[in-house]
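Residue strings, one per chain:
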Amino acid sequence: MSRKKTNYYIMLRDKYKLPIYTLRMPGSRIYVVNSPALISVVQRQHKALAFMPLAAKASVKVSQFSKTASEIINTNTNGEDGDWGYVMTFHDAIQPSLAPGTHLDAMNRVMLGLVAQSLNGLKERSHTTVKLFDWVQHQITLATTSSAYGPSNPYKDPSIEAAFRTFKLGMSNLILGLNSTRTASEGMRAMEIGAAAFEKYFIANKHQEGSALVQARYSHSMSHHIPLNDISRSEFSHGIALLSNTVPNTFWMLYHLYSDPELLEQCRKEVSDATTVIDNNEGEPVQTLDMSKVKTSCPVLLSTYKEVLRFYSTSISARLVMEDHMLDNEYLLKKGSTVMMPNPVQHHNSDVWGPDNDSFDPRRFAKPGKRPNPACFRAFGGGTTLCPGRHFATTEILAFTAVMIMQFDIEPARSKWVQPSWNKVEFWEATPSPDEDFGVEIRSVKGRTQGRNWAFVLSDSDKPIELSAEDLAS
Ligand code: HEM
């Protein structure tokens, strides 16, 4: 299991061809679900097969909360005594700030302005030599966190960005409770640095200049009497949700777009067709990209994005069995066991995606004909734990990659593109980073629009695109 990682579940699926099976571990059982129909049943039973008690336990471990906060967070985690308590009300408290509408538009607009500003600035230089993953990580970190936290974003201080990276490296051992290991101790020290910065931020009321998301998270914690130092710890660890998938997915987008000249040309043409030229206040032409148009009239770019999500997702949705439960009137699940639904089992399945399911096909989602079962596309999870940040992340990744390909050429330093491996992915990560980073040279594209600045608009409210079976149903 630890060597093969998520491929282990694909191997067992192909060997035994079972809808669900038991892995007996020392002292506990894991039920692994292969059948998409059973996944839907699991997701509907969200009280008997619960996520929140697992999430509450993990968050207490990684954030190293005080005794007071741990007790508040671990109380009534599954609504045994009614729909109250920190955990039970968390989802509803933050959901409106990330759902399509005014709050999301506002956060998107800040993020799009920052992406445009940073890429327009890059264009001033004749060329830039960087490590690609590291560079993407820095760009996305700044754009994402500034749109979440506003002008006093703590991540503007490079030591906080560095502390977050160290914290992330310690996550696995912190979740496993191996606190005396080197990475966990370094992660705990990094948490102290991050928490101190956020405590200063909240004391100065800087969150009031930030997004509706950060304000909703803060008010929710305050209303449950979480101490300020713990709110700050929670906010620092929230960086995992904000950044840990957007960064690698943007990296894989760039890797596939630039390493495939035909695909790059086709996507450049699509984005060019979605672009208009508008004069700015000084009468200079600005290339303006309407993000709502990108989502409706750039089918190959969009398909490449969905294929990145399909191909690379390593997420495993987990549920705790709260009481002995007869799943679908057929399978007995024992209290205290864990149910696991590994995404790769759905995403790499020839019955759903065809015989080429193990290859990366950027045009897979743009082909005419019958569409694969949407329940088998689970990059953002599903049911009550469906990722609420999916629309924000999608706008950011598409905006960043669209303007990047229009403004820049990227050449690898080692003269040809080589598919990076991603075996170092940790068990909790939903998207892997490349095992090794590599150098690239970024140069402005030559041509008619060379030297022009770019800007984004969001016409109307940001229209969501289908990113889950739930989006199709709504
Ligand atoms: C491409 C980027 C992203 C991917 C692939 C992704 C994926 C996921 C996945 C797989 C889950 C777990 C779902 C489950 O177990 O059923 C999740 C949950 C979550 N995500 Fe994302 N995510 C992304 C970006 C974001 C962003 C930018 C935010 C915040 C603004 C965010 C906030 C959350 C939260 C709060 C949860 C927990 C939901 C809950 O427990 O109710 N995500 N995400």
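This structure is a prediction, so every number in the text was calculated from the model and none was measured. (Residues numbered from 1 in each chain as written. Predicted model: local features only at pLDDT ≥ 70, side-chain atom pairs only at ≥ 80, totals over all residues. Heavy atoms only, no water.)

### Some points on the overall build of the protein
Part 1 of the argument: Helices and strands together make up the secondary structure of the protein, namely 20 helices and 13 strands.
Part 2 of the argument: The C-alpha radius of gyration of the protein comes to 22 Å, within 12% of the 23 Å expected for a compact globule of 474 residues.
Part 3 of the argument: Each principal axis of the C-alpha atoms in the protein carries an extent, and together these give about 70 × 55 × 45 Å.
Part 4 of the argument: Counting over 474 residues, the protein shows a buried share of 53%.
Part 5 of the argument: Summarising the internal contacts of the protein: among those between residues at least 6 apart in sequence, 75% fall at separations of at least 24. (Helix = DSSP H or I, 4+ residues; strand = E, 2+ residues; numbered from the N terminus. Rg over C-alpha atoms; globule rule 2.2 N^0.38 Å. Buried < 20%, exposed > 50% of the residue type's maximum accessible area, 1.4 Å probe, protein only. Contact = heavy atoms within 4.5 Å.)

### Details of the site of the ligand
Part 1 of the argument: If you check the shell around the ligand, you find 22 residues, and the closest are His91, Asn245, Ser317, Thr385 and Cys387.
Part 2 of the argument: One of the side-chain N or O atoms of Thr385 is found 2.6 Å from an oxygen atom in the ligand.
Part 3 of the argument: For the shell around the ligand, the secondary structure elements donating two or more residues are helix H5 (86-98), helix H12 (239-243), helix H13 (246-258) and helix H19 (390-407).
Part 4 of the argument: When the residues that make up the shell around the ligand are grouped by side-chain class, the tally is 11 nonpolar, 11 polar and no charged. (Near = heavy atom within 4 Å. Polar contact = N/O pair within 3.5 Å; in protein donor to acceptor, adjacent residues only side chain to side chain. Nonpolar A, V, L, I, M, F, W, Y, C, P; charged D, E, K, R; others polar.)

### Here we look at the UniProt feature "binding site: heme" (unreviewed entry) in the protein
Part 1 of the argument: Annotation from UniProt places "binding site: heme" (unreviewed entry) at Cys387.
Part 2 of the argument: With respect to the element layout, Cys387 can be found in the loop between helix H18 (350-353) and H19. (UniProt positions renumbered as here; feature names shortened; annotations may be inferred.)

### Brief notes about the packing of aromatic side chains
Part 1 of the argument: Within the structure shown, the criterion is met by 30 aromatic pairs.
Part 2 of the argument: The interplanar angle of 65° and the centroid separation of 6.2 Å between the aromatic rings of Tyr155 and Phe198 together place this pair among those described as edge-to-face. Taken together, the positions of Tyr155 in the loop between helix H7 (132-149) and helix H8 (158-175) and Phe198 in helix H9 (residues 182-203) put the pair 43 residues apart, joining distant regions of the chain.
Part 3 of the argument: Judged by relative accessible area, Tyr155 falls into the buried class, the value being 1%.
Part 4 of the argument: Since its relative accessible area comes to 0%, Phe198 is described here as buried.
Part 5 of the argument: Ring centres of Phe198 and Phe202 lie 6.3 Å apart, and the angle between their planes is 35°; this geometry places the pair in the tilted category. (Phe/Tyr/Trp six-rings, centres within 6.5 Å; stacked < 30°, edge-to-face > 60°.)

### What about the sheet that holds strand S6 (residues 285-290)?
Part 1 of the argument: The strand order S5-S6-S13 describes an open sheet built from three strands, whose pairing is mixed. At either margin of the open sheet sits one strand with a lone partner, and together these are strand S5 (275-279) and strand S13 (453-457). On average, each strand axis in the sheet is tilted by 40° relative to the strand beside it, whichever way the strands run.
Part 2 of the argument: As defined by bridge partners, S5 adjoins S6 across five bridges and the pair is classed as antiparallel. Within S6, the residue paired with Ile278 across the bridge is Val286. (Pairing = 2+ DSSP bridges. Axes fitted to C-alpha atoms, helices over the stretch in contact; angles between N-to-C directions.)

### Quick look at the packing of H7 against H13
Part 1 of the argument: At a minimum axis separation of 9 Å, H7 and H13 run at an interaxial angle of 130°. Judged by the inter-axis angle, H7 sits oblique to H13. Crossing hand, H7 versus H13: right-handed. Judged by residue contacts, Leu132, Phe133, Val136, Gln137 and Ile140 of H7 engage Thr246, Val247, Pro248, Thr250, Phe251 and Leu254 from H13. (Parallel < 35°, antiparallel > 145°, perpendicular 65-115°, else oblique. Left-handed = near helix turned anticlockwise from the far one by under 90°.)

### As for the pattern of salt bridges
Part 1 of the argument: Counted under the stated rule, the structure contains 20 salt bridges.
Part 2 of the argument: With a shortest N-O distance of 2.7 Å, Glu192 and Arg233 are connected by a salt bridge. On the criterion of sequence distance, the pair formed by Glu192 in helix H9 and Arg233 in helix H11 (residues 228-237) is long-range, its members being 41 residues apart.
Part 3 of the argument: In this structure Glu192 comes out as partly exposed when scored by relative accessible area, which is 41%.
Part 4 of the argument: The exposure class assigned to Arg233 is buried, which follows from its relative accessible area of 7%.
Part 5 of the argument: When salt bridges that share partners are traced, they join Glu307, Arg310, Asp356 and Arg364 into one network. (Salt bridge = Lys/Arg side-chain N within 4 Å of Asp/Glu carboxyl O.)

### Topic: the domain arrangement of the protein
Part 1 of the argument: Taken domain by domain, the protein consists of domain 1 (1-67 + 326-347) and domain 2 (91-315 + 348-473).
Part 2 of the argument: Averaged C-alpha coordinates put domain 1 and domain 2 at centres separated by 27 Å.
Part 3 of the argument: At the junction of the two partners, domain 1 supplies 22 residues and domain 2 supplies 34 residues.
Part 4 of the argument: Around 2300 Å² of area is buried between domain 1 and domain 2 when both sides are counted, 52% of it from carbon and sulfur atoms.
Part 5 of the argument: For the domain 1 face of the interface with domain 2, the top three residues by lost area are Val62, Asn343 and His347, together amounting to 31%. (Domains from an automatic or database assignment. Buried area = accessible area lost by both parts, 1.4 Å probe.)

### A word on the nonpolar core
In summary, soluble globular proteins display a tendency toward joint burial of nonpolar side chains.
Part 1 of the argument: In terms of nonpolar packing, the biggest core is built from 106 residues, with Leu132, Trp135, Phe167, Leu301 and Met404 touching the most fellow members.
Part 2 of the argument: For this core, the leading source of residues is H19, giving 10 residues.
Part 3 of the argument: Looking at which domains feed residues into this core, each of domain 1 (1-67 + 326-347) and domain 2 (91-315 + 348-473) gives three or more.
Part 4 of the argument: Residues contacting Phe167, with those up to four places away along its chain left out, are Val62, Leu174, Gly187, Ala190, Met191, Phe236, Ser237 and Ile240.
Part 5 of the argument: Tyr31, Leu38, Val339 and Met341 belong to the second-largest nonpolar core, a separate cluster that totals 13 residues. (Core = buried A, V, L, I, M, F, W, Y, C linked by side-chain atoms within 4.5 Å.)

### Details of helix H16 (residues 299-312)
Owing to its 3.6 residues per turn, the α-helix aligns residues three or four sequence positions apart on the same side.
Part 1 of the argument: Under the 1.5 Å per step criterion, the end-to-end length of H16 is 20 Å for 14 residues, consistent within 8% with the ideal 20 Å.
Part 2 of the argument: Of all 14 residues that make up H16, 13 are buried, and the element is covered over most of its length. (Expected span 1.5 Å × (residues − 1).)

### Remarks on the pairing of strand S12 (residues 439-444)
Part 1 of the argument: With burial as the criterion, only one face of S12 is covered, namely that bearing Val440, Ile442 and Ser444; the residues Gly439, Glu441 and Arg443 on the opposite face remain uncovered.
Part 2 of the argument: One ladder, built from five bridges, connects strand S4 (residues 127-131) with S12; its direction is antiparallel. Paired with His127 across the two strands is Arg443, which belongs to S12.

### Re unusual backbone geometry
Most peptide bonds are trans, and most residues other than glycine sit at a negative phi.
Part 1 of the argument: You will see that Asn76, though not glycine, has its phi angle at about 50°, which is positive.
Part 2 of the argument: One can find Asn76 in the loop between helix H4 (67-73) and H5.
Part 3 of the argument: The phi angle at His225 is positive, at roughly 60°, despite the residue not being glycine.
Part 4 of the argument: Mapped onto the elements of the fold, His225 is located in the loop between helix H10 (212-223) and H11.

### Comments concerning the packing of helix H6 (residues 102-123) against H19
Between two packed helices, what matters for the description is the angle formed by their axes and the separation of those axes.
Part 1 of the argument: The contact between H6 and H19 brings their axes to 10 Å, and the two run at 20°. Compared by their axis directions, H6 and H19 come out roughly parallel. For the pair H6 and H19, the crossing hand works out as right-handed. For the pair H6 and H19, the contacting residues are Leu104, Met107, Asn108, Met111, Leu112, Val115, Leu119, Asn120 and Lys123 in the first and His391, Phe392, Thr395, Glu396, Ala399, Phe400, Val403, Met404 and Gln407 in the second.

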